[in-house]
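Architecture and fold: a report
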Amino acid sequence: MNVTLRGHEATAQVSNGVFSGSRVDLGTSVLLKHAPEPPLTGDFLDLGCGWGPIALTLAFESPEANVWAVDVNERAVDLTHANAQANGHTNIHTAQVDESSTPLPAENQPAFCETVPSDLTFDVIWSNPPIRVGKEALHTLLMAWLPKLKVGGAAYLVVQKNLGSDSLIPWLDDALGEGFTASKYASSKGFRIIEVRHEI
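Per an unreviewed UniProt entry, the chain goes by the name Ribosomal protein L11 methyltransferase-like protein and belongs to Bifidobacterium longum subsp. longum 2-2B.

Before going further, it helps to spend a moment on the pattern of salt bridges. Going through the model one piece at a time under the given rule, you end up with seven salt bridges. Its salt-bridge partner being Asp-123, residue Lys-150 comes within 3.1 Å of it at the nearest N-O pair. You can see Lys-150 sitting in strand β7 (residues 149-160) and its partner Asp-123 sitting in strand β6 (residues 122-127), a full 27 residues away along the chain. Look at Asp-123 and you get partly exposed, because its relative accessible area is 22%.

Once that is clear, we can look at the pairing of strand β4 (residues 66-71). Two faces, one strand: in a regular strand the side chains alternate between the faces of the sheet. The element β4 is extensively covered by neighbouring structure, given that five of its six residues are classed as buried. Bridge count between strand β3 (residues 43-47) and β4: five bridges; the pairing is parallel. Bridge pairing in β4 places Asp-46 opposite Ala-69. Handedness of the β3-helix α2 (residues 53-61)-β4 crossover: right-handed. Sheet analysis places β4 next to strand β5 (residues 92-96), joined by five bridges and oriented parallel. Bridge pairing links Val-67 to Ile-92 in β5.

Here is what the cut-offs are and how they apply
- Every chain's residues receive numbers from 1 upward, in the order its sequence appears when written.
- In view of the model being predicted, local features appear only for residues whose pLDDT reaches at least 70, and side-chain atom pairs are presented and counted only at 80 or more, with totals across whole chains, interfaces and linings using the full set of residues.
- For side-chain calculations, the full set of non-hydrogen atoms in the structure is used, while hydrogens and water are omitted.
- When a carboxyl oxygen of Asp or Glu lies within 4 Å of a side-chain nitrogen of Lys or Arg, that pair is called a salt bridge.
- Helix and strand definitions here come from DSSP, where helices need a minimum of 4 consecutive H or I residues and strands a minimum of 2 consecutive E residues; each element is numbered from the N-terminal end.
- Between buried and exposed lies partly exposed: a residue is buried under 20% and exposed over 50% of the maximum accessible area for its type, with that area taken using a 1.4 Å probe on protein chains only.
- A pair of strands counts as paired when DSSP detects no fewer than two bridges linking them.
- Seen with its strands pointing away from the viewer, a crossover is right-handed when the path leading from the first strand over the helix to the second is clockwise.

The following block contains the structure:
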């Protein structure tokens, strides 16, 4: 299908077996509309990439950056990889993770994937996290990746208000600990965008 991502025209393959398999879902649209401009360079993360609309947007906006796209679903990272190639984004790197959000070892990664370096930290994290996996799995996912924000870095998460966005903010503030802050950044169409910053 053809999609417009923050003013950038893209072609994308989608699949029924992957989240939002026929369109850019509303939560992702809200995130793309409200998240601030990413820096021109750096290491970026699309956490729970699905077929790749967030990763593609980051690559369009910051072609000099390294964009990592991770998902537990092999079909999702396959589609993101294919969509990156179809739109000429050689700066998108895909990686599959296991149920605990740990990147699969190199020998278990699909052929088109790369292994996320264990010491890699991120300037930007954008995510429409899979809230419906349940609170415990969601918390595991977020705590596996949000602490990897560089000092000065920021994450933007889009969460439906009626699925616990307001309780997630104080939980993140407490769980991430000193040096991190979590706050409401924007609200739109029944969604909150949560900003997480690594200050020190």
